[in-house]
Amino acid sequence: MEARRRPRQRGRRARPDRGGGWTGREFEVTVGPVAHGGHCVARHEGRVVFVRHALPGERVVVRVTEDRQPGFCRADAVEVLEAAPDRVPRPCPYSGPGRCGGCDWQHVAHEGQLRLKAEVVREQLTRLGGLPEDDAVVRGLVVEALPGGPLRWRTRARFAVDRAGAAGLRRHRSHDLVLLDDCPITVEPAAAAVLGRRWPGAGAVDVAVDSAGTVTTTRLDRRGRPQSTRVLRAGEDGAGRDDGTAPAGRAARWAAGRDWEVEGTGFWQVHPAAADALTGAVAAFAGVRSGETVLDLYAGAGLFGGAVAPAAGPAGRVVCVEADEAACAAAEANLAALPQAEVWQGEVDAEGLTELLAELAGAPDVVVLDPPRAGAGAAVSRVLAAAGPRAVVYVACDPASLARDVAAFAEGGYRLSALRGFDAFPMTGHVECVALLEPA
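Figured I'd write up the structure that's included with this text. (Residues numbered from 1 in each chain as written. Predicted model: local features only at pLDDT ≥ 70, side-chain atom pairs only at ≥ 80, totals over all residues. Heavy atoms only, no water.)

**Some words on the overall build of the chain**
Inclusion rule: Segments assigned H or I by DSSP are reported as helices when at least four residues long, segments assigned E as strands when at least two residues long, and all are numbered from the N terminus. Note on method: radius of gyration uses C-alpha positions; expected globular size equals 2.2 Å times residues raised to 0.38. Summary of the burial criterion: residues with accessible area below 20% of their type's maximum are buried, those above 50% are exposed, and those between are partly exposed, where the area comes from a 1.4 Å probe applied to protein chains only.
Regarding its fold elements, the chain presents 9 helices and 23 strands. Against the globule reference of 22 Å for 440 residues, the chain gives a C-alpha radius of gyration of 23 Å, in line with a compact fold. Seen through its principal axes, the chain has C-alpha atoms that stretch 65 × 60 × 55 Å. Taken over 440 residues, the chain has a buried fraction of 52%.

**Observations regarding the sheet that holds strand S6 (residues 72–82)**
Keep this limit in mind: Note: two strands are recorded as paired if DSSP finds a minimum of 2 bridges between them.
With mixed pairing, the 6 strands of this open sheet are ordered in space as S1-S5-S6-S4-S3-S2. Only two strands of the sheet have a single neighbouring strand rather than two, namely strand S1 (26–30) and strand S2 (34–35).

**Observations regarding the sheet that holds strand S7 (residues 143–145)**
Put simply, the test is: Whenever a helix is involved, its axis is fitted only over the stretch in contact; in every case the axis is a line through C-alpha atoms, and angles between N-to-C directions fall within 0 to 180 degrees. Here a residue-residue contact requires only that any non-hydrogen atoms of the pair lie within 4.5 Å.
With mixed pairing, the 8 strands of this open sheet are ordered in space as S7-S22-S23-S21-S20-S17-S18-S19. Strands at the two margins of the open sheet, each flanked by one partner only, are S7 and strand S19 (341–345). The average undirected angle you get between the axes of adjacent strands in this sheet is 20°. Where helix H1 (residues 110–127) meets the sheet, it contacts S7, strand S22 (414–423) and strand S23 (432–439), and its direction lies at approximately 160° from that of S22.

**Details of helix H5 (residues 303–312)**
Buried residues dominate H5, accounting for 7 of its 10 residues. Those residues of H5 that fall on the buried side of the exposure criterion are Leu303, Phe304, Gly305, Gly306, Val308, Ala309 and Ala312.

**Some details on the packing of helix H7 (residues 350–359) against helix H8 (residues 378–387)**
In plain terms, the rule: In these notes the angle categories are as follows: under 35 degrees is roughly parallel, over 145 is roughly antiparallel, 65 to 115 is roughly perpendicular, and the rest is oblique. Take the far helix as your reference; a near helix turned counterclockwise from it by less than a right angle gives a left-handed crossing, and one turned clockwise gives a right-handed crossing. The nonpolar class holds Ala, Val, Leu, Ile, Met, Phe, Trp, Tyr, Cys and Pro. Asp, Glu, Lys and Arg form the charged class, and all remaining residues, Gly among them, are polar.
Axis separation between H7 and H8 bottoms out at 9 Å; the angle between their running directions is 20°. Put simply, H7 runs roughly parallel to H8. For the pair H7 and H8, the sense of crossing is right-handed. Contact with H7, carried on its side by Ala350, Leu353, Thr354 and Leu357, involves Ala379, Val380, Val383, Leu384 and Ala387 of H8 and no other residues of that element. Tallied by class, the residues present in the contact of H7 with H8 amount to 8 nonpolar, 1 polar and no charged.

**So, the nonpolar core**
This is how it is decided: Joining through side-chain atoms within 4.5 Å is the link that ties buried Ala, Val, Leu, Ile, Met, Phe, Trp, Tyr and Cys residues into a set, and such a set is a nonpolar core.
Within the largest apolar cluster, 70 residues are counted, with the highest numbers of intra-cluster contacts made by Phe159 and Val434. If you tally residues by element for this core, the top one is helix H4 (residues 274–286), at 8 residues. Ignoring sequence-local partners within four residues, the contact set of Val434 consists of Leu278, Ala281, Val282, Phe285, Val393, Tyr394, Val395, Ala418, Leu419, Arg420 and Phe422. Judged by nonpolar contacts, the second largest core, of 41 residues, contains Val121, Val319, Leu357 and Val392.

**Here's the deal with the pattern of salt bridges**
Side chains that differ in charge, positive against negative, can pair when their charged atoms come close. How we decide: Here, a salt bridge means any side-chain nitrogen of Lys or Arg that lies within 4 Å of a carboxyl oxygen of Asp or Glu.
Applying the stated criterion to the full structure yields 22 salt bridges. The salt bridge partner of Glu66 is Arg68, with a shortest N-O separation of 3.7 Å. Glu66 gets classed as buried once you look at its relative accessible area, which sits at 11%. One salt bridge in this structure joins Glu342 and Arg317, with 2.8 Å as the shortest N-O distance. Here Glu342 is found in strand S19, whereas its partner Arg317 is found in strand S18 (residues 317–322), with 25 residues between them in sequence. A relative accessible area of 26% means that Arg317 is categorised as partly exposed.

**A look at the packing of aromatic side chains**
Defined as follows: Paired rings are identified among Phe, Tyr and Trp, the last through its six-membered ring, by centres lying within 6.5 Å, and are further divided according to the angle between planes into stacked (under 30 degrees), edge-to-face (over 60) and tilted (the rest). Geometrically, a charge over a ring is one whose NZ (Lys) or CZ (Arg) sits within 6 Å of the ring centre while staying within 35 degrees of the ring normal.
In the structure shown here, the tally under the stated rule is 5 aromatic pairs. With a centroid separation of 5.4 Å and 75° between ring planes, the pair formed by Trp22 and Phe27 is classed as edge-to-face. Considered together, Trp22 and Phe27 belong to a single accessibility category, that of buried residues. When the centroid spacing of 6.2 Å and the interplanar angle of 85° are considered together, the rings of Trp153 and Phe425 count as edge-to-face. You can see Trp153 sitting in the loop between S7 and strand S8 (156–161) and its partner Phe425 sitting in the loop between S22 and S23, a full 272 residues away along the chain. Note that Arg197 overlies the ring of Trp199, its terminal NZ or CZ placed 4.1 Å from the centroid.

**Description of a negative patch on the surface**
Filter applied, for reference: Two distance rules govern patches: like charges are joined within 9 Å, and nonpolar side chains (Val, Leu, Ile, Met, Phe, Trp, Tyr) within 5 Å, applied only to residues with over 30% relative accessible area and no salt bridge. Note that accessible areas follow from Shrake-Rupley with a 1.4 Å probe, and for residues the cover is restricted to the protein chains shown. By the counting scheme adopted, Arg and Lys are positive, Glu and Asp are negative, and His together with the chain ends is not counted. To locate a charge, take NZ of a lysine, CZ of an arginine, CG of an aspartate or CD of a glutamate.
Judged by side-chain charge, Glu347, Asp349, Glu351, Glu355 and Glu359 come together as a negatively charged surface patch. One can find Glu355 in helix H7.

**Describing the pairing of S8**
Most of S8 is tucked away: 5 of the 6 residues are buried. In terms of strand pairing, S8 meets strand S11 (residues 204–209) through 5 bridges, oriented antiparallel. By the bridge assignment for S11, Ala160 is matched with Ala204. The pairing of S8 with strand S9 (residues 167–170) spans 2 bridges and is classified as antiparallel. The residue bridging Ala160 from the neighbouring strand is Gly168, located in S9.

Structure representation (structure tokens):
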């Protein structure tokens, strides 16, 4: 008799509780300092408790949500016994313990969020970057708010879709889906384009709104592969235009006093004011002079390279390096009017970077880099430091990665000489930084 196959298990099994067996347990704690990742640190019975939905100094009742490590557990503040002055009512009805995990600081006044983010960056630079707590650059950091306020800033988002075709966002550290009618941090046209309709057969939907008001949605299957795109031009009715499996086309963006183009749902700063703020900070820190050579790494659509190229002048050279083919095509279009700028397609790693520096036949005067969340890494940082540029301008979306790379640059003789922080992701624990590294 032929053996019958066992049916394949769907979904992920719950990971076992291998910590102290505290999952589901409730107890009171006094909340300690903020930590990287959108939570605060407390202690109970000798163990560290990472608490979400709380603020430093508060007395709260927590419920343990995850306990997989012997040294710490994770918990939500489910009752506030003594509130901090910065606590406010959440503007999003889907935020809170056990609900949508998209935001970390909905319960915090915006000014309080800025202070918390500055504290996180300072802590990472001292603990991981090796800088002293009394370092003037670290001590003086202020996270700057961007225009527009803490809501309706997100111009690009990915929403998950359940088996019935309804869209929403995941709970914190979970695959469970919270269905949404709206997302208050997302610009209204983007939220309405996805949350106002069904998406049968999709696993997720990417949505982006460009500077001209064009909305682009891309359906993704359960494996994250694009299925189709839909483009709704500003002023059109809700039907839009379905482009099947064709590319989404180019989206219009505005920064540094000029228009830019990028793939419809391709990478661009999510906050509408972020690109302008960051290019201003990068250009000021770089201080590019006529005739200089600039290396722009992880160049994307050429934003930073294009912003500093005019200062380099006709005698200068700006080499933009990007791995993604579509982004390179956008960069070539964006930089076409700047003969001193060129686009090279390739991965940014130590080996490739060493070859590139050799081909440049001379050290770059300035390096600008905007790596992904994991950072440039120690190997790349050491190669760049060994090249000896007069200035390295580092754009970072993760303070821990920035701090580790600052430490690697320090080994190569570079010091952190200036730093700015921008609240490009209000209501979340994320913060954007621009750092200037110079020879010590």
